[in-house]
Amino acid sequence: MSFAGDCKECQRLSAEYEAATMEWFRVQGQLRVAEYSREKESTNRIMAELSLIGSRRHALREAAEKHEIELHPRTATARSIE
């Protein structure tokens, strides 16, 4: 994702996306441990959590793209040319 550096909304979306991504990797590690330990309940709970995090990341990506198109159209156009 590309963001305008001085835009507060871009900074907020970027920070939230980064936090969600870090959380996804952390929980993914927990899933591997649960699967290795053959803990079915934990595995199912963690998979549900990963799904929620994935949905949040997807929504943040969509919000960032919408924001970029609406408020930074020149940046979005320039990026699509590259």
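The structure this text deals with has already been given above.
Residues numbered from 1 in each chain as written. Predicted model: local features only at pLDDT ≥ 70, side-chain atom pairs only at ≥ 80, totals over all residues. Heavy atoms only, no water.

S.K.: Quick question: what am I supposed to make of the pattern of salt bridges here?
M.R.: For side chains bearing opposite charge, pairing can occur when the charged atoms are close. The final tally for this structure, using the stated rule, is five salt bridges. Ionic pairing is found between Arg12 and Glu9, a salt bridge with its closest N-O pair at 2.6 Å. Residue Arg12 and its partner Glu9 are both found in helix H1 (residues 8–36); the two are separated by three residues, about one turn of the helix. Taking relative accessible area as the criterion, Glu9 reaches 30% and is therefore assigned partly exposed. (Salt bridge = Lys/Arg side-chain N within 4 Å of Asp/Glu carboxyl O. Helix = DSSP H or I, 4+ residues; strand = E, 2+ residues; numbered from the N terminus. Buried < 20%, exposed > 50% of the residue type's maximum accessible area, 1.4 Å probe, protein only.)

S.K.: Which parts of the structure should I look at to understand the packing of H1 against helix H2 (residues 40–71)?
M.R.: Describing two packed helices takes the angle between their axes plus the distance from one axis to the other. In contact at an axis separation of 9 Å, H1 and H2 are set at 160° when each is read in the N-to-C sense. In terms of orientation, H1 lies roughly antiparallel with respect to H2. Judged by the sense of rotation from one axis to the other, the crossing of H1 with H2 is left-handed. Residue composition of the contact of H1 with H2, grouped by class: 15 nonpolar, seven polar and nine charged. (Axes fitted to C-alpha atoms, helices over the stretch in contact; angles between N-to-C directions. Parallel < 35°, antiparallel > 145°, perpendicular 65-115°, else oblique. Left-handed = near helix turned anticlockwise from the far one by under 90°. Nonpolar A, V, L, I, M, F, W, Y, C, P; charged D, E, K, R; others polar.)

S.K.: Just checking my understanding: could you explain the state of the cysteines for this structure?
M.R.: A covalent bond between the sulfur atoms of two cysteines is referred to as a disulfide. All chains considered together, the criterion is met by zero disulfides. Left unpaired, Cys7 is separated from the closest cysteine sulfur, that of Cys10, by 3.7 Å. Looking at Cys7, the relative accessible area reads 14%, which means it is buried. (Disulfide = S-S within 2.5 Å.)

Shape is all these values report; function is a separate question.
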